[in-house]
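Breakdown of the fold
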Amino acid sequence: MTNGLRKIELLAPAKNLECGIAAIDHGADAVYIGAAQFGARQTAGNSTEDIAELTRYAHQFGAAVYVTVNTIVYEKELHALEHLLRQLVEMGVDAILVQDMAVLEIYKKLKAEYMKRGYRMPALHASTQTDNRSADKVKWLKENGFERVVLARELSLEEITNIHKAHPDVELEAFVHGALCVSYSGACYASQYFFNRSANRGECAQFCRMAFDLKDSDGETLIEDSYLLSLKDMCQLDRLGDLLEAGVCSLKVEGRLKDANYVKNVVATYSEALNAYIAKHSDKFCRSSFGKCSYTFTPALEKTFNRGFTHYFFNGRQKDISSFNTPKAMGEYVGYVKEIRRGSFNVAGTAMFANGDGLCFFNRQKKLEGFRVNRVENNRLFPLTMPKNLERGMALYRNNDIEFERAMQGKTSTRKLQVRFVVDVVDGKLTFTATDECGRKTKVVLNENIEKAQKSQHDNIVKQLEKLGNTAWEAEDVRILNSADEFFIPSSRLTALRRILIEALEKTAIPTTEGGDSLRNIKSASSSEGTTTVNADAINIANVANPIAQAYYAAHGVKNAPKAFELNPNYKAGSTTDASAVPPLMTCRYCLRYALGYCVKNGGKRPTWHEPLYLEAKNGMRVRLAFNCAKCQMEVHAE
């Protein structure tokens, strides 16, 4: 703890260096970014040079950088993995996100070497890809060296609370915003099976965003051409306080494939909401980084890519979490079609439109159609091409607000650290001190003789010291003590002194407090050197892809752990292997039968169809659904 306060972190995605800097500038306390290899979003890889630059930039605000090394690793890649880990340690990143236990084992070997050389080791965070749903799993991860666990998205508030109560010394990270996977993370093999693109290798082909027919065992079509596995996007903006009270210390935004505008808007929205909550509970919480953000736009989540919002399982099982009609972004509701003329139409509503806006609507077949506005005359819109299926009374959504997009271009936020200057006379010498809100302090003592001024230099001293320009600091206060303003100091000399003080602050590490602070930036990683045995059901052993991980699990009570799904050549569509021998392609808390209102366990209607049920895509792909009511899960099987 710091002065009895729990540090809270807003964690943002970084597709690249630009997005990472944008996240920090708009209020993120930490960012997570992928390296060129081993990140769970292979198309969002970055050079070590860019990661080092992002780390330098973040650290000046006390913000952290976490690197995703959270894919499974093949044996032939182990040397490259060790090389990457060495680079990350040497550049001073704050944490590494892990799925494959070979990363843990290589890290432990490097730790002994680098700590002898005086390096501060990054923390280990258990990625959501390690499928973290229970207190037992969190216990096992803690005992094996992980400081933080990224919880499964599917957990309810009650489940999160209970995990924290069981292990209050483990940092818990929870997703608060962004796309949802229909399967438990780390337990989805559909993309690998059908497309030879492993979700556990960062190559997900988004099988769950495809359209399917739902058929029963008699071949009867129950639902046609719908996105039955596609979920809405998570939004916990109004649940941040509940998460903090439940014990979560890191609030995570999804989106390492999203662009800078998405990051800017979402981070700014959540940062403002988090600040507002903490301001009301300043006796309990504080932000984990420093600096105040000023925006040139008004943050608005509905203006940014989303598939509609849901709390998912936060409040228990809900029916509003899926989006059968489209996997695409609808945007914000802006009114309905009031009257149509040839080539144009009127909109009933209060929204204002601009030339270039992107609008969409659901046609009679419940298919999403989009068009671009070419010209606007009051509330009459002239599309570039008039949609043939647009009808009077249809709801309209704006999925591209051209004015908002323009407002988001260029620099849209400034993050500044507060600094206090003190000018004093100590032992007959002028002394200049700068102290910033992070606790860094620098001092310059003038040894030369200074002449007395004919008039007070107060205003000029203040003026010159406040000229902080494009630095990360702004002057909160300039104090002049012991008649220091009676001495004459040329403006050029004051400018030089200010530059020396600020440059010294930049090179000064933020002070740390050893002890029970809840976030990584003030403690070093630790790992248990003992051997902990745990029930195999509590850990995910399905993704063992190399001999180091195999040996690791064997040493922890799991003998002969099966090889990763990706390493079995028979686990692919079209194989002669009996489909019943293939492990489940997906394991989901989401249940299609519940979503349709036919969950007998929870008081739904009794199904009229004959099970098993099947999903069939237009390209011939077919899977079988199995409903495990005892565990309240749905499984998707190869067929």
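I will try to describe carefully the structure that is included in this document. Keep in mind that this is a model prediction, so the values were computed, not measured.

Conventions used here
- Residues numbered from 1 in each chain as written.
- Predicted model: local features only at pLDDT ≥ 70, side-chain atom pairs only at ≥ 80, totals over all residues.
- Heavy atoms only, no water.
- Buried < 20%, exposed > 50% of the residue type's maximum accessible area, 1.4 Å probe, protein only.
- Helix = DSSP H or I, 4+ residues; strand = E, 2+ residues; numbered from the N terminus.
- Pairing = 2+ DSSP bridges.
- Core = buried A, V, L, I, M, F, W, Y, C linked by side-chain atoms within 4.5 Å.
- Contact = heavy atoms within 4.5 Å.
- Axes fitted to C-alpha atoms, helices over the stretch in contact; angles between N-to-C directions.
- Parallel < 35°, antiparallel > 145°, perpendicular 65-115°, else oblique.
- Left-handed = near helix turned anticlockwise from the far one by under 90°.
- Nonpolar A, V, L, I, M, F, W, Y, C, P; charged D, E, K, R; others polar.

Alternating residues of strand 23 (residues 441-445) divide into Thr442 and Val444, all buried, and Lys441, Lys443 and Val445, none buried. Pairing geometry for strand 22 (residues 429-436) and strand 23, over five bridges, is antiparallel. For Thr433, the partnering residue across the bridge sits in strand 23 and is Lys443. Adjacent in sequence and paired antiparallel, strand 22 and strand 23 are bridged by four residues, among which Gly439 carries a positive phi angle near 100 degrees.

Right, let's talk about the nonpolar core for a bit. Of all hydrophobic cores here, the largest spans 111 residues; its most connected members are Val31, Val69, Leu81, Leu251, Phe421 and Phe432. Considering every element that reaches this core, the biggest residue donor is helix 9 (residues 260-280), with nine residues. Each residue touching Phe432, except ones within four places of it in the same chain, is listed here: Val422, Val423, Thr442, Lys443, Val444, Leu446, Ile489, Leu494, Leu497 and Leu501. Residues Tyr32, Ala123, Cys599 and Ala617 belong to the second largest nonpolar core, which totals 54 residues.

Bringing the pairing of strand 9 (residues 221-226) into the picture now. Two elements, strand 8 (residues 212-215) and strand 9, share three bridges in a ladder whose sense is antiparallel. Across the sheet, the residue bridging to Phe212 is Ser226, located in strand 9.

Here we come to the packing of helix 11 (residues 458-465) against helix 12 (residues 491-507). Relative orientation of the contacting elements helix 11 and helix 12 amounts to 40 degrees, with a least axis distance of 9 Å. One finds that helix 11 runs oblique with respect to helix 12. Helix 11 and helix 12 meet at a crossing whose hand is right-handed. Residues Asn460, Ile461, Gln464 and Leu465 of helix 11 touch helix 12, and the partners they reach there are Ser491, Leu494, Thr495 and Arg498. Partitioning the contact of helix 11 with helix 12 into residue classes produces three nonpolar, four polar and one charged.

Moving on to the sheet that holds strand 17 (residues 358-362). Taken together, six strands build a closed barrel; the order of strands is 15-16-19-18-17-20 and the barrel is antiparallel. Each adjacent strand pair in this sheet contributes to an overall mean axis angle of 50 degrees, direction not counted. Judged from the five bridges that link them, strand 15 (residues 332-341) and strand 16 (residues 344-348) form a sheet pairing that is antiparallel. Across the sheet, the residue bridging to Arg341 is Ser344, located in strand 16.

Here we come to the packing of helix 1 (residues 17-25) against helix 2 (residues 48-59). Taken N-terminus to C-terminus, the directions of helix 1 and helix 2 make an angle of 10 degrees; their axes are 10 Å apart at the nearest point. One finds that helix 1 runs roughly parallel with respect to helix 2. Of helix 2, the residues touching helix 1 (which contributes Leu17, Gly20, Ile21, Ile24 and Asp25) are Asp50, Glu53, Leu54, Tyr57 and Ala58. In the contact of helix 1 with helix 2, the residues fall into six nonpolar, one polar and three charged.

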